[in-house]
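Chain and residue survey
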Amino acid sequence: MTIQLPLVNGALRTYEPRTEPLALTPGTPFTSRTVFSAAHVVADPFADTTPDSPAAVDWDATLAFRRHLWSHGLGVAEAMDTAQRGMGLDWAGAAELIRRSAAEAHSVGGRIACGVGTDQITGGTLAEIRAAYEEQLAVVEEAGAQAILMASRALAATARGPEDYLEIYGHLLRQAADPVVLHWLGPMFDPALEGYWGSSDLDAATDTFLEVISAHPDKVDGIKVSLLDAQREIDLRRRLPQGVRCYTGDDFNYPELIAGDEQGFSHALLGIFDPLGPLAAEAVRVLDTGDTPGFRALLDPTVELSRHLFQAPTRFYKTGVVFLAWLAGHQSHFTMVGGLQSARSLPHFARAYELADGLGLFPDPKLAEERMKNLLSLYGVNQ
């Protein structure tokens, strides 16, 4: 069987799908790295909503996908910025997601960390921004999840300089019940975060970031860096206080960063580990044995797919993630909160399908092929 896939120039090319998936089965937890997947939310396709209305979530399918990730040993990073916040899910929806996912994690023994931000407000004074952070931190801690202090659009707009970041983050770290993960999200993911940590000069911003950590090392489990700059991440992780982990958020360079070098390595908190979950888990278990070449042999071939999904505008990567979840049979439809299934083009979807199929990511290649053909027919491409 073959399928006709559209190219960017409007032409069609013949592709022959693989017939067998990779043989990947659930396994034991990892020993050498801590790995989180920023999991997507499954929309309710039957809800009568608009892109501007509160998101309607299919909770059964959403929690089932998290159980899938936990079964392979991955942790779940929940209610994250680019995965959900500011991209279709408001704070009320995120709070419900946190409570439901944390309860599910506790019931199955899964690891979970949840984003803490300020998206219930669009701006305000430093006191109002701090209060917004505190409200969300309380929800996460009451749910029994680890907190991830995310970058705040409101703080980026209000802060006068590094001192305001030091004040806000210092206050939050002092009152956090347990060590948190600090998340530095670059403007390629969210343009509203340009100049975070008080400067558009990344060297100066890094110094402020490290000053926050060094003042409260006992309250910082680790940092998540999403700047898509491998060398900058390596330089930063080498400057971290002992015991503070670096969780890579670099969806372009993750194999080399997780593998590490003679001076250290990165753990992971990645959006690409949503579609790559079972394969990524298998790779990390190989790394647990000390077999770095085997780890790279499994994970390096996935980078082309990741770079494709995360191409500019990077913030729309999750459209491809949900598309692949539909093809893989994790959900019955390709509908997204906020109508974001329309955020990528047909040639983009065609290439994502081809790359994912080539990696053996679809448990049922025939189902993926049929669903891809259905999508093509909606666009007028008849097989």
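This text goes with the structure placed above it.
Residues numbered from 1 in each chain as written. Predicted model: local features only at pLDDT ≥ 70, side-chain atom pairs only at ≥ 80, totals over all residues. Heavy atoms only, no water.

So, on to the nonpolar core. The biggest cluster of nonpolar side chains holds 116 residues, and the ones touching the most others in it are L182, Y196, F273 and F323. Top contributing element to this core by residue count: helix 13 (residues 346–359), with 8 residues. Those residues in contact with Y196, other than ones at most four positions away along the chain, are Y133, M150, A151, S152, L155, A156, Y165, Y169, W184 and A205. Listed in part, the 10 residues of the second largest apolar core include F36, M150, V181 and L269. (Core = buried A, V, L, I, M, F, W, Y, C linked by side-chain atoms within 4.5 Å. Buried < 20%, exposed > 50% of the residue type's maximum accessible area, 1.4 Å probe, protein only. Helix = DSSP H or I, 4+ residues; strand = E, 2+ residues; numbered from the N terminus. Contact = heavy atoms within 4.5 Å.)

Turning to the packing of aromatic side chains, a few remarks are in order. Counted according to the given criterion, the structure contains 18 aromatic pairs. Arranged with centres 5.7 Å apart and planes meeting at 45°, the rings of Y165 and W197 form a pair that is tilted. Here the residue Y165 occupies a position in helix 5 (residues 162–175), and W197 occupies one in the loop between strand 7 (180–185) and helix 6 (202–215), the gap between them amounting to 32 residues. Owing to a relative accessible area of 1%, Y165 belongs among the buried residues under this scheme. When its relative accessible area of 0% is taken as the criterion, W197 is described as buried. Each member of the aromatic cluster is reached from another via a ring pair, and the members are Y133, Y165, Y169, W184, Y196, W197 and F209. (Phe/Tyr/Trp six-rings, centres within 6.5 Å; stacked < 30°, edge-to-face > 60°.)

Moving on, we come to the pairing of strand 8 (residues 220–226). Among the 7 residues in strand 8, 7 count as buried, and that is most of the element. Pairing of strand 7 with strand 8 involves 6 bridges; the strand directions are parallel. In the strand pairing of strand 8, V181 is matched with G222. Note that the unit made of strand 7, helix 6 and strand 8 has a crossover that is right-handed. As judged from the 4 bridges shared by strand 8 and strand 9 (residues 245–248), these two strands associate in the parallel manner. In the strand pairing of strand 9, K224 is matched with Y247. Read as a crossover between parallel neighbours, the route from strand 8 over helix 7 (residues 230–237) to strand 9 is right-handed. (Pairing = 2+ DSSP bridges. Right-handed = clockwise from strand over helix to strand, strands pointing away.)

Looking now at helix 13. A rise of 1.5 Å per residue sets the reference length of helix 13, with its 14 residues, at 20 Å; its end C-alpha atoms lie 20 Å apart and thus fit the reference within 8%. A large share of helix 13 lies buried, amounting to 11 of its 14 residues. Among all positions in helix 13, only L346, H348, F349, A350, A352, Y353, E354, L355, A356, D357 and L359 are buried. The secondary structure elements touched by the buried residues of helix 13 are strand 1 (3–6), strand 2 (12–15), helix 11 (303–309), helix 12 (317–327) and helix 14 (365–378). (Expected span 1.5 Å × (residues − 1).)

With that settled, the discussion passes to the packing of helix 5 against helix 6. Here helix 5 crosses helix 6 at 25°, and the two axes come no closer than 10 Å. Classed by the angle they form, the pair helix 5 and helix 6 counts as roughly parallel. Between helix 5 and helix 6 lies a crossing of right-handed hand. Taken together, the residues of helix 6 that come into contact with helix 5 (itself represented by P162, L166, Y169 and L173) are T208, E211 and V212. Of the residues belonging to the contact of helix 5 with helix 6, the class tally is 5 nonpolar, 1 polar and 1 charged. (Axes fitted to C-alpha atoms, helices over the stretch in contact; angles between N-to-C directions. Parallel < 35°, antiparallel > 145°, perpendicular 65-115°, else oblique. Left-handed = near helix turned anticlockwise from the far one by under 90°. Nonpolar A, V, L, I, M, F, W, Y, C, P; charged D, E, K, R; others polar.)

Looking along the chain, the bond that leaves A312 and enters P313 is cis, with omega of -5°. Here P313 is to be found in the loop between helix 11 and helix 12. Here W197, not a glycine, exhibits a phi torsion of approximately 70°, which is positive. Positioned with a positive phi, L228 is a non-glycine residue whose angle comes to about 55°.

What follows covers the pattern of salt bridges. Across all of its chains, the model carries 16 salt bridges by this definition. For R66, the salt bridge identified is with E78, shortest N-O distance 2.4 Å. Taken together, the residues span a long stretch of sequence, with R66 in helix 1 (residues 59–71) and E78 in strand 4 (residues 75–78) at a distance of 12 residues. For the pair R66 and E78, a shared accessibility class is recorded, and that class is buried. A salt bridge links R100 to E96; its shortest N-O distance comes to 2.9 Å. Placement of the pair is R100 and E96 together in helix 2 (residues 91–108), with a separation of 4 residues, close to one helical turn. Judged by relative accessible area, which is 35%, R100 ranks as partly exposed. Salt bridges sharing partners connect three or more residues here, namely R13, E304, R351 and E354. (Salt bridge = Lys/Arg side-chain N within 4 Å of Asp/Glu carboxyl O.)

Attention now goes to the environment of A127. Residue placement: A127 occurs in helix 3 (residues 126–142). The class of A127 is partly exposed, set by a relative accessible area of 46%.

Glancing now at the pairing of strand 6 (residues 146–149). Because side chains alternate across strand 6, one face comprises the buried residues Q146 and I148, and the other comprises A147 and L149, equally buried. Here 4 bridges tie strand 5 (residues 112–116) to strand 6, and the two strands are oriented parallel to one another. Counted as the bridge partner of A113 is Q146 from strand 6. Sheet topology places strand 6 next to strand 7; 2 bridges connect them, and they run parallel. Bridging from a neighbouring strand, I148 pairs with V181 of strand 7.

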